[in-house]
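# An overview of the molecular structure
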Amino acid sequence: MKLDNKKIFQTLNPNKVWVPVLIGLGIVFAMFYMDPSVNASNLKSVFDASLPYILLAILVIFFRDLGYVYRIREITDRHLTWTRAIYVIILWEFASAVTPSVVGGTAVAIFILNKEGIKMGKAIAYVMVTAILDNLFFVIGAPIILYLAQGNIFPESKLLETQLGDSLQAIFWLSYGLYAGYSLIMAAALFYKPRVFKWVLIKIFSIKFLRKWKHDAQEYGNQIIEASRQLAGKTYKYWLPIIGITIFIWSSRYLMLNALIGAFVELDLMDHVIVFARQVIMWIVMMISPTPGSSGTAEFFFGQFFSQFLGGYTFVTSILWRLLSYYPYLILGAIFLPRWVRQVFFKKKNKVQEQEEEEEE
């Protein structure tokens with residue numbers, strides 16, 4: 001697989017943090033001035049929050065990120081040290097935060113792992129495994145949590161009903177079907193019949209109007225075969241920890257908001273289940289957002305999904321939610337990226353030069 005370094009560094013650009021920040025702030029200010037129910041007193045309501053619940057939300061985020069670091073170490077057979085794994089996760093999250101959610105940071109993640117000394121075939125395999133596991137959590141977990149929510153999953157919002165009608169449900173189930181289909185196909189391709197997948201791919205792209213992408217399809221098929229070869233022979237001792245930590249990561253991602261809402265209003269067990277379930281729906285909406293890191297989209301839909309529980313605390317909770325779950329990765333990425341570039345490119349280059357000089361002597 002050939003990665004376009006120029007495009008990668010265009011994505012890994014610290015200056016890009018301003019784009020989602022400005023979009024997010026623009027939507028927040030628009031909501032502040034256009035919604036008559038939002039005023040200065042709403043901002044002051046942040047002091048009504050229960051400190052133990054706020055600390056719990058922060059703790060959940062910390063353990064979620066620790067789970068990400070642990071998972072990438074386990075997936076790479078501990079090729080990465082804890083420090084290098086932290087760098088990988090921060091830069092991966094940064095790439096996801098500055099690109100549209102529908103695009104994601106897959107190519108950047110492969111590039112980062114490769115520069116950390118992991119061969120390209122393995123880097124592709126590891127990134128594909130994380131993507132498949134993340135998708136399978138949604139595909140398998142969504143029906144379970146939606147069943148537990150007893151049908152109270154789609155918010156009752158006059159604005160959403162006016163703008164979307166019943167199309168929000170249609171969008172969710174269509175997206176769910178696409179995710180389920182994609183995940184099952186990729187899992188079968190990676191773990192069962194990679195060569196059959198390549199053959200089918202080439203046949204599809206041999207159709208006249210698709211022929212110009214045939215070479216790319218063939219290359220992608222080769223990547224799947226190589227990735228499958230790298231994962232062949234892995235035992236349950238390899239798979240069980242990363243499956244378990246994937247469940248932990250995504251549960252933590254959602255439970256953070258449960259803790260944050262609980263800081264302002266009292267929720268019973270069923271309320272917690274519904275809040276958790278609605279995040280699954282909102283995640284799909286955010287995934288099809290064209291803005292970097294779903295900026296603007298997330299802030300807008302938050303109110304539509306959770307105002308039923310939060311009432312006058314909706315506006316300030318949405319700001320805290322993004323401040324805790326999104327903006328830290330923009331800041332950390334901008335800080336860690338220059339250091340990582342110096343470590344990976346310049347230090348390695350200097351080491352090679354020193355070795356060459358020693359050999360000449």
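Summarised in this report is the structure supplied together with it. Computed from a predicted model, the values in this text were never measured in an experiment.

In terms of nonpolar packing, the biggest core is built from 113 residues, with Leu113, Phe138, Leu260, Phe306, Trp321 and Trp340 touching the most fellow members. The element contributing the most residues to this core is helix 7 (residues 120–148), with 16 residues. Sequence-distant contacts of Leu260, defined by excluding residues within four places in its chain, comprise Ile54, Ala57, Thr317, Leu320, Trp321 and Leu324.

By the definition in use, this model includes 7 salt bridges. Notably, a salt bridge pairs Arg64 with Asp65, separated by 3.1 Å at the nearest N-O pair. The residues Arg64 and Asp65 share a single accessibility class, namely buried. Close ionic contact of Arg71 with Asp134 constitutes a salt bridge, the shortest N to O distance being 2.9 Å. Remark: Asp134 occurs in helix 7 and Arg71 occurs in helix 4 (residues 51–75); sequence separation between them is 63 residues. With respect to burial, Arg71 and Asp134 carry one shared label: buried.

An α-helix turns once every 3.6 residues. As a result, residues three or four positions apart point the same way. Spanning 14 residues, helix 14 (residues 297–310) covers 19 Å between terminal C-alpha atoms, matching the ideal 20 Å at 1.5 Å per step. Along its length, helix 14 reaches its greatest deviation from straightness, about 45 degrees, at Gln304. Along helix 14, 11 of the 14 residues are buried, which leaves the element largely enclosed by surrounding structure. When helix 14 is considered as a whole, its buried residues turn out to be Thr297, Ala298, Glu299, Phe301, Phe302, Gly303, Gln304, Phe305, Phe306, Phe309 and Leu310. Gly311 lies just past helix 14 and shows a positive phi near 55 degrees.

About the thresholds
- Residues numbered from 1 in each chain as written.
- Predicted model: local features only at pLDDT ≥ 70, side-chain atom pairs only at ≥ 80, totals over all residues.
- Heavy atoms only, no water.
- Core = buried A, V, L, I, M, F, W, Y, C linked by side-chain atoms within 4.5 Å.
- Buried < 20%, exposed > 50% of the residue type's maximum accessible area, 1.4 Å probe, protein only.
- Helix = DSSP H or I, 4+ residues; strand = E, 2+ residues; numbered from the N terminus.
- Contact = heavy atoms within 4.5 Å.
- Salt bridge = Lys/Arg side-chain N within 4 Å of Asp/Glu carboxyl O.
- Expected span 1.5 Å × (residues − 1).
- Bend = angle between axes of the 7 residues up to and from the residue.

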